[in-house]
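Take a look at the letters that make up each chain.
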Amino acid sequence: MSNKLAKHQKQKERLTGKQKKVLFWSCFAALSIAFLAVWLNVFLTSKALHRQMEDMVLGEDYDREDVVITDKKSEDATADNAISQNYFFYYHDGKTNEYNKRMQVPESVYAEYKVGDTITAYTTDHIKYSYNKAGILPDKKFRNNELMKVAGVVLGAAIGFLSLWGLLNRKIS
């Protein structure tokens, strides 16, 4: 008797076929709308940042200065078994007389220059320098846009997995 009762309760707890379809399509619609909203935001922000870069005037909005590399170091991205490296040039800032200021660069730029070489760097405030013009964009806007790209990829993967699960579940049933 208890076996029949347990079986009846199990069946009662499960979703019906119609409820599963509604749940599947609701999740699919919500993920799709979020995916489109994120990528629209990324597109609009990227366009605004690109327009900002084009409108910047050398000597007025930003400057280019030659910076002498006083040291080079590569560091693990994190302390725990890092899988990536960060590359830095250290330099003396002649405007503020600060030593050991650093600029992060990609590996290709890091390999190209040696200590004592001069690199032309972009700056807006003569305090922070970047090896490329995009590095002088507002940090917060640029970083948030990059994080939104990651969110867009994750949402795309979630939509793909949900679609795959829906296809497999459809063929099994």
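This text goes with the structure placed above it.
A few points on the structure. A quick note: this is a predicted structure, and the numbers were derived from the prediction, not measured.

The rules behind these values
All residue numbers refer to positions counted from 1 along the written sequence of the respective chain. Reporting of local features is limited, given that this is a predicted model, to residues whose pLDDT is at least 70; pairs of side-chain atoms are given and counted only at 80 or more, and all residues count toward the totals for whole chains, interfaces and linings. Calculation of side-chain values draws on the structure's entire complement of heavy atoms; hydrogens and water are dropped beforehand. Working definition: helices are DSSP H or I runs of at least four residues, strands are E runs of at least two. Numbering for both runs from the N terminus. Think of it in three bands: with a 1.4 Å probe and only protein chains considered, a residue is buried below 20% of the maximum accessible area for its type, exposed above 50%, and partly exposed in between. Shrake-Rupley sampling with a 1.4 Å probe provides the accessible areas, and residues are treated as covered by the protein chains on show and by no other component. Take the buried residues of types Ala, Val, Leu, Ile, Met, Phe, Trp, Tyr and Cys, join any two whose side-chain atoms come within 4.5 Å, and each joined set is a nonpolar core. Any two residues whose heavy atoms approach within 4.5 Å at even a single point are treated as in contact.

**A few points about the overall build of the chain**
For step 1, the next point in the chain: Summing up its helical and strand segments, the chain has 4 helices and 5 strands in all.
For step 2, the next point in the chain: Along the chain, helices (α) and strands (β) appear in the sequence α-α-β-β-β-α-β-β-α when read from the amino end.
For step 3, the next point in the chain: Residues counted as buried form 22% of the 173 residues belonging to the chain.
For step 4, the next point in the chain: Accessible area of the chain: about 12800 Å², with a carbon and sulfur share of 57%.

**Notes on the nonpolar core**
For step 1, the next point in the chain: Among the nonpolar cores identified, the biggest contains 13 residues, and Phe89, Met103, Val105 and Ile119 are the most heavily contacted of them.
For step 2, the next point in the chain: Elements with a contribution of two residues or more to this core: strand 1 (63-76), strand 2 (85-93), strand 3 (98-105), helix 3 (107-112) and strand 4 (118-123).
For step 3, the next point in the chain: In terms of residues, this core owes the most to one element, strand 2, which gives 3 residues.
For step 4, the next point in the chain: Residues contacting valine 105, with those up to four places away along its chain left out, are Tyr87, Phe89, Tyr110 and Tyr131.
For step 5, the next point in the chain: Formed by 7 residues, the second largest nonpolar core is a distinct cluster that contains Leu49, Met56, Tyr62 and Tyr122.

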